[in-house]
Each structure stands twice: as structure tokens, then as C-alpha cells.
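The lines below spell out each chain.
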Amino acid sequence: MSELVLVVLGAVLCFAGAASVRLGVLVAGFAAGWLLAEVFDASLGTTLLVALCGAGLAFVSTWLVATVMFLVGGGCVGAIVGAKLFVLADSGAGQGDADWLLATVFVPTVAVLGALLANRFRLRFLRWGTALAGSALVLSGVGRLGDDSVGLLWRPESGPEAALFAVAWAVLALAGHRVQSRASGQPDAEDARR
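Residues numbered from 1 in each chain as written. Predicted model: local features only at pLDDT ≥ 70, side-chain atom pairs only at ≥ 80, totals over all residues. Heavy atoms only, no water.

Please provide a residue-by-residue account of the packing of aromatic side chains, values included.
Centre-to-centre distance and the angle between the planes together describe a pair of aromatic rings. All chains considered together, the criterion is met by one aromatic pair. Residues Phe-165 and Trp-169 carry aromatic rings whose centres are separated by 5.7 Å and whose planes lie at 45° to one another, so their mutual orientation is tilted. Of the two residues, Phe-165 and Trp-169 both sit in helix H6 (residues 159-184), four residues apart, roughly one turn of that helix. There is no split in this pair, since Phe-165 and Trp-169 are both buried. Here the basic side chain of Arg-120 rests over the ring of Phe-121, its NZ or CZ set 5.0 Å away from the ring centre. (Phe/Tyr/Trp six-rings, centres within 6.5 Å; stacked < 30°, edge-to-face > 60°. Helix = DSSP H or I, 4+ residues; strand = E, 2+ residues; numbered from the N terminus. Buried < 20%, exposed > 50% of the residue type's maximum accessible area, 1.4 Å probe, protein only. Lys NZ or Arg CZ within 6 Å of the ring centre and 35° of its normal.)

So what about the environment of Val-50? Which residues, and what values?
Residue position: Val-50 is located in helix H2 (residues 44-64). Look at Val-50 and you get partly exposed, because its relative accessible area is 28%. In the structure, Val-50 is positioned 14 residues away from Leu-36 in sequence and 8.0 Å away in space, judged by C-alpha atoms. If we skip the residues at most four places from it in the chain, Val-50 touches Gly-33 and Ala-37. (Contact = heavy atoms within 4.5 Å.)

Describe a nonpolar patch on the surface, listing the residues and the values that go with them.
The grouping of Phe-59, Val-60, Trp-63, Leu-64, Val-65, Val-68 and Val-72 at the surface amounts to a nonpolar patch, some 710 Å² of accessible area in total. Those elements that provide at least two residues to the nonpolar patch are H2 and helix H3 (66-90). At four residues, H2 tops the list of elements feeding residues into the nonpolar patch. The topology assignment puts Val-60 in helix H2. Owing to a relative accessible area of 43%, Val-60 belongs among the partly exposed residues under this scheme. (Patch = residues over 30% accessible without salt bridge, like charges linked within 9 Å, V, L, I, M, F, W, Y side chains within 5 Å. Areas by Shrake-Rupley, 256 points an atom, 1.4 Å probe, with all protein chains shown as cover. Salt bridge = Lys/Arg side-chain N within 4 Å of Asp/Glu carboxyl O.)

Outline helix H5 (residues 123-145), supporting the account with residue identities and numerical values.
In this model, H5 (23 residues) spans 32 Å end to end at C-alpha, consistent with the 33 Å of a helix rising 1.5 Å per residue. Of all 23 residues in H5, 17 are buried; the element is thus mostly enclosed. (Expected span 1.5 Å × (residues − 1).)

So what about the packing of H5 against H6? Which residues, and what values?
Helix-helix packing is described using two parameters, namely the angle between the two axes and the distance between the axes. Between H5 and H6, the shortest axis-to-axis distance is 8 Å and the interhelical angle comes to 135°. Relative to H6, the element H5 lies oblique. The way H5 lies across H6 gives a crossing that is right-handed. Counting all contacts with H5, which are made through Leu-126, Arg-127, Trp-128, Thr-130, Ala-131, Leu-132, Ser-135, Ala-136, Val-138 and Leu-139, the residues of H6 involved are Phe-165, Ala-168, Trp-169, Leu-172, Ala-173, Leu-174, Gly-176, His-177, Gln-180, Ser-181 and Ser-184. Each residue belonging to the contact of H5 with H6 can be placed in one class, and the counts come to 13 nonpolar, seven polar and one charged. (Axes fitted to C-alpha atoms, helices over the stretch in contact; angles between N-to-C directions. Parallel < 35°, antiparallel > 145°, perpendicular 65-115°, else oblique. Left-handed = near helix turned anticlockwise from the far one by under 90°. Nonpolar A, V, L, I, M, F, W, Y, C, P; charged D, E, K, R; others polar.)

Could you give an account of the nonpolar core, with specific residues and numbers?
Among the nonpolar cores identified, the biggest contains 14 residues, and Val-81, Leu-88, Leu-139, Leu-153, Phe-165, Trp-169 and Leu-172 are the most heavily contacted of them. Core analysis: the next-biggest nonpolar cluster, separate from the first, contains six residues, Phe-70, Ala-118, Leu-123 and Leu-126 among them. (Core = buried A, V, L, I, M, F, W, Y, C linked by side-chain atoms within 4.5 Å.)

No statement about biological role is implied by the geometric values presented.
Written as C-alpha cells, this is what we have:
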């Protein structure tokens, strides 16, 4: 079941990552407002109005703390990408025994780099970052779900398997970025001017 969750979460992140933060905040704010109105036995119209106000309040709150949101989002995306890059770098090292010291330095470094890039480049970075992180999760989930023939998508054990994974990762990430860019109606060049 957790493998399927990886695929689903990865697909959402890959193809709607930059938009999902806003959508998630709006949905959560709407739900919180709805529940609050129901506690006081409000009418349907009042409940809907309170729910819309809750969504608006949640959205405005996240807008006010956007810097922190981008830092945290970029850090999480960077950690996913760093972990998968570490797995790829470690794939040709023999038995797959991870160098844990390197992992404890490499993954947090990529996470911090992701946080800084997200803070600086905002949506332009998050489209690329979420596409990369989401596609890594999708491929890893498929690798765990399938038999030995797709196991290389979870943990490549040789250089050629790592290269095949890297190509699949790049293709899926490019597709995810393209979907996100088209869905937003704003190519990266417009984000650079903001």
C-alpha cells in the first residue's frame, strides 16, 4: 500500500506541485470554516460563507508567510531530490551499502540548497523542484510495486541501471514541468520578472 501512496503523491507533486500548495491551503481553509460553521448549527448559506471566508483567511495567511513556505517547500523538495541523487551515486559502489556519513551530509546539503533556491526563484524553482521530486517518487513507487524487472527504479545496483533510471527520471520530470507550466499559464520567463 505504501508503494501506491508513493506513486499517487509523486504524481500529484510531479504534475501539480507548484499549484498544490495553494490548492491544499484553500481546501483546508474551506474545510476548517465549514466545520466551524457546523459546530454552531449555521444555515447552508452561512456555512458556505464562513467556509469561503476560512479559505480566504488561510490563503492570505500563507501569502503573508510566503518566504517561510517557500523555504520549507524547497527544503522538502531538495531532500527528496538529494536522497534520490545519493541513491544514484551509491548505485555503482558494489553491494549497495550506503556510505551513511556521506548521506548525512549530502541530503541535508541538497535540502538547504533547495530551500535557498525556492526562496530566491519561487514558482520557477518549485515547478522544476516538484517535478524532479515527484518523478523520483513515482519511479521509486513503481520500482517497489513491480517485480525484479523494474526493481532498478527503486534502487539501481549498477552503473547502467543508474543511467537508465536517470534517463527515466529526466523524461518524467520534464513531462511534469511541462504540465505544470501549461496548467499555470505562466512560463518560467514570466516568473523571472516577478
